[in-house]
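For reference, the chains in residue letters:
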Amino acid sequence: MHPVLRAVRAHRDAGAGALEATTSALASGGVECFNALEPFISRALLEYPAPAPRSAFAMLLHARLIGVASGRGVNARRALESCVKALGAYRAPTSEAREWISTAASDVIGAIEIRMFEHDEVDEMSMMLSQTTAAVMKQARAAALAGDNALAFIGALKRLGELSEDSAACEELITLLPKVRTADEMSAILALIAPHFPTSGASNALCAMRATSALVLQKQSGAHLALSLSTPTLAKTQKIQENNLLGNASFDGFVNDVLNEAWNDESSATLAACIRANASEKSPVVELACLGHPNANVREVAAKVLQVKLAKRSSSGGASNVTVALLRLKTECERTSTEQDAHATLAALNALTAGASNFIATPAILRAISPLMNTKPGEKAPNSRLHALALRLLSEMWVHNREIGARLRSALEHAASSHDAAIIIGCAASVAAAAKSHPFRAVELVMPMQGCLSSKVPAACALALEAIDDMCASDALDFLPAFKVVTRHIPSIPEHPLVAWKWIKLMRHGGRDCEEFPDAAAKLVETLWNAATQCTDARTRAEAWTSLSAYDAEFIIELGTPKPSEIARVALEERDALVSQGALQTLKVVARQELASLSRTALAARETQQASHPPPADPLIYRVTQSMPKKMLANDACAGARLFLFRPKTSEISNRSVEETKIKRSRAEAYRNEFKRAAKQISWNGWWHGSFVIQSWSRFALRWFNAEVAARSAENGLEELHAEVRASINATAMEALKDTSTPDELQNIAVFLSTPVLKDENSMILVDLLSSILNEKATVIGAERGLLTALALATGSVDDRRSAPRPLKVVEELIERMMHCQIDGPSTMGSIAHALGLLARGFAAAWQRAPLPNCWRHDSVRRICGVLCAASHALGTSHALADELDLPQSTESIQIPAGDTLDALIGIHMGLANAVCALNTFDERATTYKLTVLVTSFANAASKGNLPAAIALPVALKCLLKAKRTVESETLTLHVLSTLKQAASRDVRAVAGVILGIALDHGCAVEISTSGDIINELSSTVKRCELPSTTRARAILALSAALGGPWDGWDEHDVSSSGTSDESKVFSAPFLWGGDKGKVEAKTILKTLESIVYASDDIASSALRQLASWTLAGVSDRAARIAVTTNSNAGDAKSNVSIDTVIGSMIQAIVGTVEASPSKTLIENATLALDVLSHLTRLPNASWSNALRRWWQISIATGATDATDAKHALQRACLRVSRAHPGPSMGRNVLESIASFSDGEFLALAPETQLLLMYNAPLAFSMQSDSGSCTIENFIKIASRKDAAEGCMLSLWKGMVTVAEGESSSRAIRALTAGLPKLIDSNAAQMLESVAMYIRAFSSAAIRDECVRMLDAEIKPVICAHLFLKNQVPGETVTALSTWPKTTRVLSLKLTAATLRSAPAGIRAQILHEASNLNDGDAIPCVAVLAAAWGPTAPLLPLTSIEQCIRKLPYTLSQLLKGELSSLSEALIMSLLKHAQHAHTAIVRDAICEVRNGVALSTWMKISDAIA
C-alpha cells in the first residue's frame, strides 16, 4: 500500500492535507513527482466502488485531478490520462454510483475540450478521445446489462462523437439496443448510430437484426428510422466492413469479427458446419445474421437451424426473433430467383412458421400467410400455388402450436374439395407433413386425408398414402383397419407408378400382424409377390421386395407361396440394380431363417427323434454318425458310450397303433430308466474321466429334457412347462440320490444334477446339498472327485441376483480344503484344484451373460488363480506365473500331501488353465496377454518333460484361439505343436494329437507331413501291447481329440473352420470336414480306435476298450451336431444344402459357375449371391475358397467388356464376403491376394472398391506376419496419391478397428501414425478428428495404447482429447500443456479445447490453470483460446483465428468465469496481469475491467495495484 494512502486511512483528518499536498505537487512539480504519486492516485481512485461515503476521498481527488488536467502544468496531460484510465475501471454496484460515474465522464470530456480548444492540443487529444470513448462505452454497457438508465452515458458518447470522427463507439452502441429499457434510450441510440450504420457484410446483417428491437417505438419516436435500419441491404457483391466494429466485449462483436472473415463463398462450407454445430446453443444471433449471407447454401442451413431454435419455447428473443425472420424473409424474396435461392427462401418460410410456438408471435405469422390463401368460401384463390404453399406453412405452424388445429382442419377440408390440382396437392402435402411430425395428433385430419385418397390427382393420393404410412409406423393407426379404408378408394395396385409405389410401401406394416391375422397376412404376401414379379415400374418392384422382407421369413416359408427357390430364382433373374437391392433384403431375411432352421430346428429334431432327419450325404460322416454308433450299441458299448449314443427306439416302445402322445411319454420314460441304469454302471477312473462324465451327462440331460417337454402340453406357457420338467427330472435324480450304494453312483447323480439344462432358481439349494454331503467325509470316500466337480459346476452357475456370500464361501471352503490335503492325499488335492478351475469358468460364463462392473466374481477368480499358482509352486514347478499375470499373492501355507504328486499336479495345472481362461474373460481391454503367457509357460515346461503342463496346455490354447484367432495366436499354436511333437517323453508327445485337433478346428494351417507323423506315432502307441496301459490310454485320448473328441469339460461342438480347403501342402480344416486327404487321416484314426474297441483281452484290457468306445461315442455325437446344420438330401456334390432353398440357390450361383469368362448376367447373379451370404454368421460346406478366388480374378480382370460396372460390383461383393468369413475355407485367399496389388492395379479399381479394399487391407496384412509392414507402407503410399479415391487413408484407419494386437498390427500402427498430417495442413483438423474416432473404437486396448505412444507430440493432444472423453487415456495427456511443442502449442490447444468442452469441470480447470502458468509467452493466447472454446462462442471456433480469440478476450473471459470455473477468477486474473506485455496489455486490462463488478475487494485491490 502506498505510504500516502496508508496515512489517509490511518488518520481521519489527513484527507484534506493529502489532497492539498497532492494537488500542489502535481501542479508545481515535475514529471518525477507525478511518477512517484501515480500508484497512490490510481489506488485511491479505484480502491472502493463509487461513490460516497467510503470513496469520498476518491471523488474529491478526481475533482482535483480534473482541475490539474485543465491547467497548463507539466503534469496536466498525465493527470487527465489517470482520470481516463480510472473512468473505464470504476465499479458501480448501485444506480447512485453510475450517476456519479456519468458526472465524472462529463468532467473528463470537459477537460478534453479545454485542452483541445483552449490549449490547442487537437492532435494530441485524439488518442485520449478514443480511450475516453472506450471507457464511457464500458460504463454504458454495464449500466444497460444491470438494467439501469444509460441515457447519461449515451449523451456523453454523443459529445465524444462530436469531438471525433471515429464511429466505433457509435456502432458499439448497436449491441445495447436489446438491453436498454426506455424509449428515450432507444431513440437516443438510433439517432446516434443512424449516420454511421454499416451498409454491407456481416456488420450490416448483425446491426439490422439488433435494430428491430426499436420497432416498439412510436412513429414520432423513430420507428420509421428503426424499420429502415432493420432491413438489411441486398448486394450480390458486398464489401467487407472493417472488423471490430461492434467491439470486443459483446457476443455480437465476436460474431461480427468472425463472420466478416467468412462472408464469402470460399468459407461457406465451414460456416455452414459451424451453424449446424451451433444448434445446441439457445441464442439465434448467428442464424439470424447468416440469413443475410450472400451464399444461398449458408442461408438455407441457417434457416433450418433457426427453425429448430424457434420451435423451442425456451429460446431467447421470443417474438422479436420472429420479427427479424419476417424482415429477413422480405429481403430474401427480393433476391434473383435461382433454384438455390428458392431453397433458401423455403427454408426461411419454414423457420418463420416455427415461431408459432410463441403465442405472441402467432398472429403476426398468420397475417403474413393469410393473403396467400382463400379463407372465405366462394372466393377464388389469388394463386393456386401460393394457396398450396400457404396450406403447407399452416400445417407447419400447427406442428408447433396445436391451437391452430381448427383453422388448419377447416382450410384442409375446404382445399380437399377443390378442383385445382395444385391446391389438392398442397392439402395432401400438409396432411403428410402433419402425420410425419405428430402422427397421433394427425388423426384429427382423417377427413381431408380421405379426400386426398379419393382424388384423381396421383401426387395427392401418393402423399395421403405416405401420411397413413407414417401413422401406421408410429402405431397411431392399426394397419389392417387403416388398409381396409385405403382399399375402398384404391382396391388394387394402381396404374400410376408413384401411387403404386406408396401403396406397396404401406403394405410392409402387415408383417407385424402375421401371427395374429395369418389369413390377411397371406393375402398381403401374395399381393407383394405379384407386384415384385409383374409390375413394370422398377421402383414399385423394388419396394415390393423391401416390403416383403418385413414379413416373418418362417411365415413365408410355411406359406409355400412363394417358395424359397422361387424367391431366389426371380431375384437372380432381375436385372434392374434398384430392384436387386430390394430383393437382397428379402433374400437376407429368408437365408437367415433357413440357416437358423438348419442349426436349431433340425438339431432339435435329431436329438429328440420327434421327426426323422435325412442321413448325411458324405460317406465318412454317415459312417461316423450312423454306422459306427449302431455297431457299438449292437456290441454292448460301455455305459459311458451308451450315455452319449442313447436314443430310444420307437419299435422298442410301442407298436404303431399307439397314440403319438403315448409314444412321446414312453420315450421320456425310456430316458428315465436309462438314467437309473447308467448312474449305477458308469465308473470313475483316471484324471480324464471328469471331462467325459460332464459332457456325457450334459448331452443326456438335454435329450431327456427335450423328450419330457415334447411329452407334455404347454397350457400355462413355455416357461412354466420348462420349470415343471426340471422339477420332475430333479425329483427323479434326488430320489435316486437317497438310494445310492456306491461312490460312483453318488458321483454320477451329483454331476447329472449340476448339468446346465437342469439349472433353475433352486441352484443354491443344490450347492448347499453338495456341500453338506462333502462335509460328511466318512460317507463320501471314493466319491470326492465327482462331488467336487458337481459342486463347482453348480456354484459357478449361480446368478447375480443371488447373494455373493454363498458362492464366495464355497470358494474359501475349497481353498481351505486344498491347503490341508496331507491326509486326503494328492488325488483329492488335484480334484479340488480342478474343481476350482471349473468354478472359475462358471463364474466367467455367468458374468458374460450379465456383465457388471466391479464384479465379485472377478475378484474371486483372481484369488483362485493366485492360490493355484502358489500350490503349483509349492509342489515344485518352476514357472512363476503369479508375477507375470499380476495375480494376488496367496498368504496361506500349503501342506504338501505324501506320495506321488502327479495327480495333484495334473489337477492343479488343469484348474489353473481353466481359471486363467476365466480371468481372460473379465479383461475389459479385450486382450489375450494372460492366455498367451500361460500357453508359452506351459509349452516351455512341457518341452522339458512336464506332463501336467502338457495335459493342461490344450485347455488354455483352445481358449486363446477362441478368444482371438490372429496370425500371432496361430503362430504360437504351430510352435506349441512343433514343441510337443519333438518332446522326449512319449506321454508329452501324445498331447500333440490334441493340439492338432484344436489347431484344425480353428483353421490353423498345419503341414500335412507334421500331422501324418503325429497320427502315425499315436496309432503305433495305441497298438503296442507291451506299453503301459496309461501310455496307451493317453494315446487313445489324443487320437480321438484329433477328431474333436472330448478333452476338457468345456468342449463345444462347433468349429470355426469347415469345408474343403487347399490340401496341397497343409491341412486347415478338421479331418472330418476337410478334403480327401483329411478324410484319409480321419479314417486312419477311426480304424485304429475301432480296432481297440473290438480287440480281444490279450491285445487291449477292458479299461482300454471302454475308453476307446467312449471316445468314439464322443466323436460321433460331436460330428452329428455339426453335420445336422448342413445335412440335406441334396445331390449336388459341391454342397449339402438343397437347391430348393435360398441358400442352396446362392451356393449354386457362386460355386456352380465355372466359366472362365462368364456373362454379365452370371456376374450379377454371383454378386447378389455373395451379398446375401456375407450377412450369414456361418456358411454350410462347399468349395468356397476356390470359387471365391475364381470370382475375384474375374472381377479384377482387365480388357474391353460391357460388364465393367458389374465387375466393379462383384469386386465389392467379394471383399465384403471375404471380410465376413475370413477363414482359410472362404475368404482368406482373397484377402491375402490384396497384399500383392500394385499401384496400377489398385488405381484401375472403381473408387468405391478402392475404399473397401483399403478397409480390408489391415485384416489382410495381419494375416501376413512376414510382409505385413511392407504391405501397409505400400498401401499408405497408394492412399496418399492424388489420383486415389478420396478417403483411402481414413479407410485404412477404419480397417484397424477390429484388428487384434500383435507384431503385424504394431508395424501397421507405426506406419499409419507416421503418415498423419501436421497441424499446419488445412484439412488436418477434420482428418485428425476422424482418426480419433476410429482409434477410440479400436477393439484392442493394447493397439490403442500403442497408437497413442506412437503419435507425434504436436497432434497427440488433439487425438487424446477424444480418447479422454471415453476414459481411454489418463488426464495428463491433455492437461500437461508445458510439455507440448511450443511452436504448435496454441494451435493444438485450439483443436483440443473444442473437444474437451464437455469434459468434467475439474479437468477443464486443470487445463486452464496450466495455460495461465505458462512462462514462454503462450499464457494469454492459450487462455484466450480456452475462453473462446468453452463459452457460447464455441461453435464458431473453427472460423476463429488465434488473433481473434485474443482480441475478444474481454467478452469470452467474462463468460468463462460465470460458470463452473468461477472459482479460478482471482488466480486467473492475477496470472493474466503477470503475463500482460506489449500488444496484449490493453486487451488484458479491458478483459479484467469487464469482470470488475464480480470480483472480491481483496482481488480488486491487487488488480488496482497492477493497473497502476
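Residues numbered from 1 in each chain as written. Predicted model: local features only at pLDDT ≥ 70, side-chain atom pairs only at ≥ 80, totals over all residues. Heavy atoms only, no water.

**So, the overall build of the protein**
Helices and strands together make up the secondary structure of the protein, namely 75 helices and 2 strands. The buried share of the protein, taken over its 1508 residues, is 58%. Counting every atom, the protein has about 60,500 Å² of accessible surface; 52% of that belongs to carbon and sulfur. (Helix = DSSP H or I, 4+ residues; strand = E, 2+ residues; numbered from the N terminus. Buried < 20%, exposed > 50% of the residue type's maximum accessible area, 1.4 Å probe, protein only. Areas by Shrake-Rupley, 256 points an atom, 1.4 Å probe, with all protein chains shown as cover.)

**Observations concerning unusual backbone geometry**
The omega torsion across Thr561 and Pro562 is 5 degrees, close enough to zero to call that bond cis. You can see Pro562 is positioned in the loop between helix 29 (553-559) and helix 30 (564-573). Of note in the backbone geometry, Asp120 takes a positive phi value of approximately 55 degrees without being a glycine. Residue position: Asp120 is located in the loop between helix 6 (95-118) and helix 7 (126-146). At Asn1367, a position not held by glycine, the phi torsion is positive, near 60 degrees. Among the structural elements, Asn1367 can be located in the loop between helix 66 (1356-1364) and helix 67 (1372-1375).

**Concerning the side chain of Thr1384**
Relative to the assigned elements, Thr1384 resides in the loop between helix 67 and helix 68 (1385-1395). Judged by relative accessible area, which is 10%, Thr1384 ranks as buried. Here Thr1384 is in contact with Leu1319 and Glu1354, once residues within four sequence places are set aside. (Contact = heavy atoms within 4.5 Å.)

**Here's the deal with the packing of aromatic side chains**
Scanning the model with the defined rule gives 17 aromatic pairs in all. The interplanar angle of 85 degrees and the centroid separation of 5.6 Å between the aromatic rings of Trp529 and Trp545 together place this pair among those described as edge-to-face. Of this pair, Trp529 sits in helix 27 (residues 518-534) while Trp545 sits in helix 28 (residues 538-548), and the two are 16 residues apart along the sequence. Both residues of the pair, Trp529 and Trp545, belong to the buried class. Between Phe1067 and Phe1071, the aromatic rings sit 5.3 Å apart at their centres with planes inclined by 90 degrees, giving edge-to-face as the arrangement. Given a relative accessible area of 2%, Phe1067 falls into the buried group. A network of ring pairs unites the aromatic residues Phe646, Tyr671, Phe675, Trp697, Phe700, Trp704 and Phe752 as a single cluster. (Phe/Tyr/Trp six-rings, centres within 6.5 Å; stacked < 30°, edge-to-face > 60°.)

**With respect to the environment of Ala1332**
Structurally, Ala1332 can be placed in helix 64 (residues 1324-1336). Judged by relative accessible area, which is 0%, Ala1332 ranks as buried. In sequence terms Ala1332 and Trp1293 are 39 residues apart; their C-alpha atoms lie 9.4 Å from each other.

**What about the pattern of salt bridges?**
With the rule as written, the count across this model stands at 52 salt bridges. Residue Glu669 pairs with Arg672 through a salt bridge whose shortest N-O separation is 3.6 Å. With Glu669 and Arg672 both in helix 35 (residues 660-681) and 3 residues apart, this pair spans about one turn of that helix. According to the relative accessible area criterion, Arg672 is buried, its value standing at 9%. Several salt bridges share partner residues, and in doing so they unite Arg665, Glu669, Arg672, Glu708, Arg712 and Glu724 into one network. (Salt bridge = Lys/Arg side-chain N within 4 Å of Asp/Glu carboxyl O.)

**Observations concerning the nonpolar core**
Among the nonpolar cores identified, the biggest contains 323 residues, and Leu1292 and Trp1293 are the most heavily contacted of them. Not counting residues within four places of it along the chain, the set of residues in contact with Leu1292 comprises Met1254, Ala1257, Pro1258, Ile1272, Phe1275, Ile1276, Ala1279 and Leu1312. Among the nonpolar cores identified, the runner-up in size contains 180 residues, and Phe644, Ala833, Ala871 and Ile894 belong to it. (Core = buried A, V, L, I, M, F, W, Y, C linked by side-chain atoms within 4.5 Å.)

**Concerning the confidence of the model for the protein**
Model confidence for the protein is summarised by a mean pLDDT of 82, while 87% of its residues fall at 70 or above. Scored below 50 in pLDDT, residues 651-657 shows 4 contacts in the model against residues more than four places distant or in partner chains. Low pLDDT, under 50, characterises residues 1126-1134; the predicted model gives this stretch 26 contacts beyond four residues in sequence or across chains. (pLDDT = per-residue confidence, 0-100.)

**Overview of helix 37 (residues 718-738)**
The terminal C-alpha atoms of helix 37, which comprises 21 residues, lie 30 Å apart, in line with the 30 Å expected from a rise of 1.5 Å per residue. All of the buried residues along helix 37 are Leu721, Val725, Ser728, Ile729, Asn730, Thr732, Ala733, Ala736 and Leu737. If you follow the buried residues of helix 37, they end up packed against helix 35, helix 36 (689-711), helix 38 (743-753) and helix 39 (763-775). (Expected span 1.5 Å × (residues − 1).)

**Some thoughts on the packing of helix 8 (residues 151-163) against helix 10 (residues 183-193)**
At their nearest, the axes of helix 8 and helix 10 sit 10 Å apart, and the two run at 15 degrees to each other. By the criterion of interaxial angle, the relationship of helix 8 to helix 10 is roughly parallel. For the pair helix 8 and helix 10, the sense of crossing is left-handed. Here Leu151, Ile154, Leu157 and Lys158 of helix 8 come into contact with helix 10, specifically with Asp184, Glu185, Ala188, Ile189 and Leu192. Looking at the contact of helix 8 with helix 10 residue by residue, the class counts come to 6 nonpolar, no polar and 3 charged. (Axes fitted to C-alpha atoms, helices over the stretch in contact; angles between N-to-C directions. Parallel < 35°, antiparallel > 145°, perpendicular 65-115°, else oblique. Left-handed = near helix turned anticlockwise from the far one by under 90°. Nonpolar A, V, L, I, M, F, W, Y, C, P; charged D, E, K, R; others polar.)

**Digging into the environment of Lys1390**
Inspection of the secondary structure puts Lys1390 in helix 68. On the accessibility criterion, Lys1390 (13% relative accessible area) is buried. For Lys1390 and Leu1437, which are 47 residues apart along the polypeptide, the C-alpha to C-alpha distance reads 8.1 Å. Other than its neighbours up to four places away in sequence, Lys1390 contacts Val1425, Leu1437, Pro1438, Thr1440 and Ser1441. A polar contact of 2.4 Å, which involves the side chain of Lys1390, links it to the backbone oxygen of Thr1440. (Polar contact = N/O pair within 3.5 Å; in protein donor to acceptor, adjacent residues only side chain to side chain.)

**Focus: helix 40 (residues 784-796)**
At 3.6 residues per turn, the α-helix brings residues three or four places apart onto the same side. Its 13 residues give helix 40 an end-to-end C-alpha distance of 18 Å, which sits within 8% of 18 Å, the value for a rise of 1.5 Å per residue. Within helix 40, 13 of the 13 residues are buried, which leaves the element mostly enclosed by the surrounding structure.

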